[in-house]
Amino acid sequence: MTGNPASKNAVSTTNACKLCTPLGASLAFKGVEGAVPFLHGSQGCATYMRRYIISHFREPIDIASSALGEKHAVYGGGPNLKKGILNVMKKYSPSLVGVASTCLTETIGDDMGLILHEFRNDFGDLDLPDVVHVSTPSYQGTHSDGFNRAVHALVDQLADPEAAKSERVALFPGMVSPADIRLLKDIFREYGLTPTVLPDISETLDGPALEDYEPVASGGTPVSEIKALSGAAASVEFGSCLPKDSAGLCLEKRFGIENDRLRIPLGIRGADALHDVLCELSGLECMPRRYKLERGRLVDAYVDGHKYVFGKRAVVYGEENLVVALTAFLAEIGVQPVLVGTGAEGKGIAASIEAACEGVLPELPLVREGVDFHDIAEEAETMSPELVLGNSKGQRYARAWNAPLIRVGFPIHDRFGGQRLKTVSYEGTQELYDRIVNALIEKKQSDSPVGWGYI
Ligand code: SF4
C-alpha cells in the first residue's frame, strides 16, 4: 500500500522525512575537485545547509550564496548571482562553481541558464571556471532529487562530445558514505577497472587533519574526467528509484555508453549483482578470491546471527534508494520489515520494494511515500517495532518505541563517524549486519533484570 491518505487534508509537515533539495545538490558538488557549491538564494539557506552537512561529516564546509534580500525578490537576483561568482573566483580560485537554485529564486522565476550565459559574455576576458547550474526548488522533491539532478547536470553540461574513447568506467554511486566510495574504488581496481566516480566525496568530506586550512578541500572527481566521460567504456549507477534523466542514462542516450543500473549493493544479493557486473566489465570469469572469502564470511555470519534477528519487526525510513536496499537486505536476513517510510513520492518505491523482496518476504511491508515522521509514528503505533533503521532524525521515535535505532544514511547528527559507516558490498553489509545483531543483543541484555556476560 502506498501514498499518504492524510496528505490530501494536511496543511503542514511535522518533522519532515527528507531534507532541502539544494542541500543534496551541494553535497554532490562537494564531490568535484576544486568545486565550490553556490546557492542562488538567501544567506540563510546556505547557513542551514552548511550547519547540517558539517554535523554529519565534521569537516569545514563552505557554501557560497548570492545573498538575496527583499528587493531581489521583486527585481530578480541576476546581478547578485554574477557578482557572487566573481567573489567566489577571487576567494577560492575554483575549477568549478556548482550553482543550485532555491525556493526563492525558483518562485521569482530567475532564469539561471540565461543569467549564466550573460555572465560568460560579460566576463569572457577572465579565466572563468566551469559553471554548472541545476534547478532545485525545495518545495518540490527531496535532497536526494537535488543530489541526482546535480550529478546529471554535471554530466550533461560538461561531457565533451569530442572526448577520446577510454577504458574508464563511470560510477555514479548515489548518496553513499565517503568510506563506501573508498571501498568501491578499491573493488573496481581489484577487478582491473579504472573508475571515474561521480561525485567522489571520499576525501573532500572525510579528509585528514592538516597543518594549513585548505579553502577548497583536496580530492573529488577531476573536472577533466567528467568532461571525458563521454568516451567512457561503460557506466554503473546505483539506485532503484532513479529518475529517467539520471547521469548514467544521459551517457547512454547521448553517447551510446552502456549503463548498468543496480540497487545500492547492500546485502548478499545486492553485492552479488555488483560483482556480476564487474566480472562482465572486466572479463574475469569469477570474482577475485578476497571477495569470495568476504562473501563466505558474510554467509557464515548470517547463519551465526540468525537466532538473534529472525522474525524481528523493523521500521525503515529515509532516502528512497536507501530504503529499498535496506528493506531487501532485512528480508534476506530474516527480519520482517513492517513499515517503510520516505519523504519522497512518485518514484515507484513500493514496486521497487516488491521486486527486491520477491520470493524472500512472506508479507510485504506497508510502504508510505511522501510522509513525515508524524505520519510514520502514527502508522507504527500499532506495529510494535523491535528494530528501526534510518538516519538520526528518527531518534526520538525509536526511543518512544523502545527499539534500537541502527543509524544509516544521512544525516547522522547524534553519533560520531557517520561519514565512515560502510554499507556497500560484502564488507559494508558485514559491518551493518554486525551492528544490527549487537544492537538487538544489547537491548535484550539491558532489558534483562539479571543480565549475562556470555552469549
Ligand atoms: S527549504 Fe527552501 S528556503 Fe529553506 S533552506 Fe531550503 S532552499 Fe532555502
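Chemist: Even after reading the chapter, I still don't get helix α2 (residues 43-57), so can you show me in this structure?
Modeler: Note: α-helices contain 3.6 residues per turn, so residues at a spacing of three or four share the same orientation. Its 15 residues give α2 an end-to-end C-alpha distance of 21 Å, which sits within 8% of 21 Å, the value for a rise of 1.5 Å per residue. Along α2, the positions that sit buried rather than exposed are Ala46, Met49, Tyr52, Ile53, Ser55, His56 and Phe57. Contacts made by the buried residues of α2 are with α1 (21-29), β1 (35-40), β2 (64-65) and α8 (178-190). Downstream of α2 by a residue or two, Arg58 has a phi angle that is positive, lying close to 55°.

Chemist: Would you explain the side chain of Asp272 in this entry?
Modeler: Take Asp272: it is sitting in helix α11 (residues 267-282). According to the relative accessible area criterion, Asp272 is buried, its value standing at 16%. Sequence-distant contacts of Asp272, defined by excluding residues within four places in its chain, comprise Met287, Arg295 and Tyr426.

Chemist: Explanation requested: a negative patch on the surface in the structure shown.
Modeler: Together, Glu252, Glu258, Asp276 and Glu280 give the surface a local cluster of negative charge. Within the fold, Glu252 resides in helix α10 (residues 247-255).

Chemist: Please clarify how helix α13 (residues 320-333) should be interpreted in this entry.
Modeler: In this model, α13 (14 residues) spans 20 Å end to end at C-alpha, consistent with the 20 Å of a helix rising 1.5 Å per residue. Count one or two residues on from α13 and you reach Gly334, which has phi positive near 95°.

Chemist: Just to check I follow, could you spell out the state of the cysteines for this structure?
Modeler: Between two cysteines, a covalent bond joining their sulfur atoms is known as a disulfide. A full pass over the atoms with the stated rule returns zero disulfides. A disulfide-free cysteine, Cys357 has its sulfur positioned 12 Å from the sulfur of Cys241, the nearest such atom.

Chemist: How should the sheet that holds strand β10 (residues 336-342) be read in this particular structure?
Modeler: Judged by pairing direction, the sheet is parallel, and its five strands sit side by side in the order β11-β10-β9-β12-β13 without closing on themselves. Only two strands of the sheet have a single partner each, and these edge strands are β11 (366-369) and β13 (405-407). Across the sheet, the axes of successive neighbouring strands diverge by a mean angle of 15°, strand direction being ignored. On top of the sheet, helix α14 (residues 349-357) reaches β10 and β11; it is set at about 150° to β11, its chief contact.

Chemist: Help me understand the sheet that holds strand β7 (residues 234-238) in this model?
Modeler: In any sheet, the strands associate via hydrogen bonds between backbone groups, in a parallel or an antiparallel arrangement. Strand order in this open sheet of four strands is β6-β5-β7-β8, and the pairing throughout is parallel. Both edges of this open sheet fall to β6 (195-197) and β8 (259-262), since each of them pairs with a single strand only. This sheet shows a mean twist of 20° between the axes of neighbouring strands, independent of strand direction. Where strand β5 (residues 169-172) meets β6, three bridges bridge the pair, whose relative direction is parallel. The residue of β6 that forms the bridge with Ala170 is Thr196. Most of the contacts of α8 go to β6, to which it runs at about 165°, and overall it touches β5, β6 and β7.

Chemist: Whenever I open this one, the environment of Ser65 confuses me. Can you help?
Modeler: Take Ser65: it is sitting in strand β2. Distance from Ser65 to Phe38, taken between C-alpha atoms, is 5.3 Å for residues 27 residues apart in sequence. Setting aside its immediate chain neighbours within four residues, Ser65 contacts Phe38, Leu39, Gly41, Ser42, Gln43 and Ala46. Within the structure, the side chain of Ser65 is placed 2.8 Å from the backbone nitrogen of Ala67, a separation counted as a polar contact.

Chemist: I keep staring at the nonpolar core and nothing clicks. Help me out?
Modeler: Soluble globular proteins tend to pack their nonpolar side chains together in the buried interior. Counting 108 residues, the largest nonpolar core has Leu23, Ile53, Phe172, Leu198, Phe329, Leu330 and Ile436 as the members making the most contacts within it. Of all the elements, α13 adds the most residues to this core, at ten residues. Judged by nonpolar contacts, the second largest core, of 18 residues, contains Val338, Ala380, Val388 and Trp401.

Chemist: How should the domain arrangement of the protein chain be read in this particular structure?
Modeler: One can read the domain layout of the protein chain as domain 1 (21-158), domain 2 (169-282) and domain 3 (305-447). Taken over C-alpha atoms, the centre of domain 2 sits 25 Å from the centre of domain 3. Listed as interface residues are 26 residues of domain 2 and, on the opposing side, 29 residues of domain 3. Buried area between domain 2 and domain 3, both sides added, is near 2,300 Å², and the carbon and sulfur share of it is 61%. At the junction of domain 2 and domain 3, the tally comes to two salt bridges. In this structure, the salt-bridge partner of Arg269 is Glu332, at a minimum N-O distance of 3.0 Å. At the junction of domain 2 and domain 3, the tally comes to 15 residue pairs in polar contact (both at pLDDT 80 or more). Secondary structure elements with two or more residues in the side of domain 2 that touches domain 3: α8 and α11. Looking at the side of domain 2 that touches domain 3, the element that brings in the most residues is α8, giving seven residues. Among the residues making up the side of domain 2 that touches domain 3, the classes are represented as 15 nonpolar, five polar and six charged.

Chemist: Any chance you could explain the pattern of salt bridges here in plain terms?
Modeler: Where side chains of opposite charge bring their charged atoms close, a pairing between them can arise. Scanning the model with the defined rule gives 19 salt bridges in all. Of the charged contacts in the structure, one is a salt bridge between Glu431 and Lys422, with a shortest N-O distance of 3.2 Å. Residue classification places Lys422 among the buried positions, given a relative accessible area of 18%. One connected set of salt bridges, linked through shared partners, spans Lys82, Glu118 and Asp122.

Chemist: How do you make sense of the packing of α1 against helix α7 (residues 143-158) when you look at a structure like this?
Modeler: For any two helices packed against each other, one specifies the crossing angle of their axes together with the interaxial distance. Relative orientation of the contacting elements α1 and α7 amounts to 45°, with a least axis distance of 6 Å. In this view, α1 runs oblique relative to α7, as classed from their interaxial angle. Relative to α7, the crossing made by α1 is right-handed. On α7, the residues touching Thr21, Gly24, Ala25, Leu27, Ala28 and Phe29 of α1 are His143, Asp145, Gly146, Phe147, Arg149, Ala150, Val151 and Leu154.

How each quantity is defined
Residues numbered from 1 in each chain as written. Predicted model: local features only at pLDDT ≥ 70, side-chain atom pairs only at ≥ 80, totals over all residues. Heavy atoms only, no water. Helix = DSSP H or I, 4+ residues; strand = E, 2+ residues; numbered from the N terminus. Expected span 1.5 Å × (residues − 1). Buried < 20%, exposed > 50% of the residue type's maximum accessible area, 1.4 Å probe, protein only. Contact = heavy atoms within 4.5 Å. Patch = residues over 30% accessible without salt bridge, like charges linked within 9 Å, V, L, I, M, F, W, Y side chains within 5 Å. Areas by Shrake-Rupley, 256 points an atom, 1.4 Å probe, with all protein chains shown as cover. Salt bridge = Lys/Arg side-chain N within 4 Å of Asp/Glu carboxyl O. Lys, Arg positive; Asp, Glu negative; His and termini not counted. Charge placed at Lys NZ, Arg CZ, Asp CG, Glu CD. Disulfide = S-S within 2.5 Å. Pairing = 2+ DSSP bridges. Axes fitted to C-alpha atoms, helices over the stretch in contact; angles between N-to-C directions. Polar contact = N/O pair within 3.5 Å; in protein donor to acceptor, adjacent residues only side chain to side chain. Core = buried A, V, L, I, M, F, W, Y, C linked by side-chain atoms within 4.5 Å. Domains from an automatic or database assignment. Buried area = accessible area lost by both parts, 1.4 Å probe. Nonpolar A, V, L, I, M, F, W, Y, C, P; charged D, E, K, R; others polar. Parallel < 35°, antiparallel > 145°, perpendicular 65-115°, else oblique. Left-handed = near helix turned anticlockwise from the far one by under 90°.

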